[in-house]
Amino acid sequence: MPKTVQITIDCSDPAVLAAFWAQALDYEVQGPPPGFDSWDDALQAFGVPPDQRNSRSAIVADGLPRVFFQRVPEGRTGKNRLHLDVRAAPGLVGDERMEALEAEAARLEAIGARRAYRVEPDGRMEHGFITMHDPEGNEFCLD
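Residues numbered from 1 in each chain as written. Predicted model: local features only at pLDDT ≥ 70, side-chain atom pairs only at ≥ 80, totals over all residues. Heavy atoms only, no water.

Peer 1: Can you walk me through the overall build of the protein in this structure?
Peer 2: Scanning the protein from terminus to terminus reveals three helices and eight strands. Looking at the protein as a whole, 31% of its 143 residues are labelled buried. At a minimum sequence separation of 6, the contacts of the protein that also span at least 24 residues come to 56%. In the structure as shown, the protein presents an accessible area of about 9100 Å², 53% of it carried by carbon and sulfur atoms. The centroid of the 15 positive side-chain charges in the protein is displaced by 6 Å from the centroid of its 24 negative side-chain charges. (Helix = DSSP H or I, 4+ residues; strand = E, 2+ residues; numbered from the N terminus. Buried < 20%, exposed > 50% of the residue type's maximum accessible area, 1.4 Å probe, protein only. Contact = heavy atoms within 4.5 Å. Areas by Shrake-Rupley, 256 points an atom, 1.4 Å probe, with all protein chains shown as cover. Lys, Arg positive; Asp, Glu negative; His and termini not counted. Charge placed at Lys NZ, Arg CZ, Asp CG, Glu CD.)

What follows is the structure, encoded as structure tokens:
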């Protein structure tokens, strides 16, 4: 039987990153367990102190990997060894592709992403992409 995958991202503010990535990927922030109207209600019932209630969050979409955000004490210290490629222009090439990537970059900048750089298509191997950073500085590409 094939394994399933969850993507886990270490961060300082799980709620902020979950909200950003839910919008970026068209996912939803995972709702509270059955019987609770909100995560705050559930965490209070579970006895989680208020200062620990933003220690984790997750986003979900049917049939796709769950993305889990966990608060860690240390900050980001270097370049990501793993990053997400957000496939924002599948099947498009040339100017049409880059226009679609630019539109997606603008949408993501409006919700907290920052642009790092753009790589132009070369007509051979490179189709073009835009490298960006999420609100905590994690690198990802619009591809």
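Peer 1: Would you take a moment to explain the sheet that holds strand β4 (residues 66–71) for this structure?
Peer 2: In sheet architecture, strand pairing relies on hydrogen bonds along the backbone and comes in two forms, parallel and antiparallel. Strand order in the open sheet made by the four strands is β1-β4-β3-β2, with mixed pairing throughout. The sheet is open, and its two borders are formed by β1 (6–11) and β2 (28–29), each paired with just one other strand. Note that strand β3 (residues 56–60) and β4 share four bridges and pair antiparallel. Residue pairing for β4: A58 is matched across the bridge by F68. Docked against the sheet, helix α1 (residues 14–25) engages β1, β2, β3 and β4, running at close to 10 degrees with respect to β3. (Pairing = 2+ DSSP bridges. Axes fitted to C-alpha atoms, helices over the stretch in contact; angles between N-to-C directions.)

Note that all results are geometric; they support no functional claim without further evidence.
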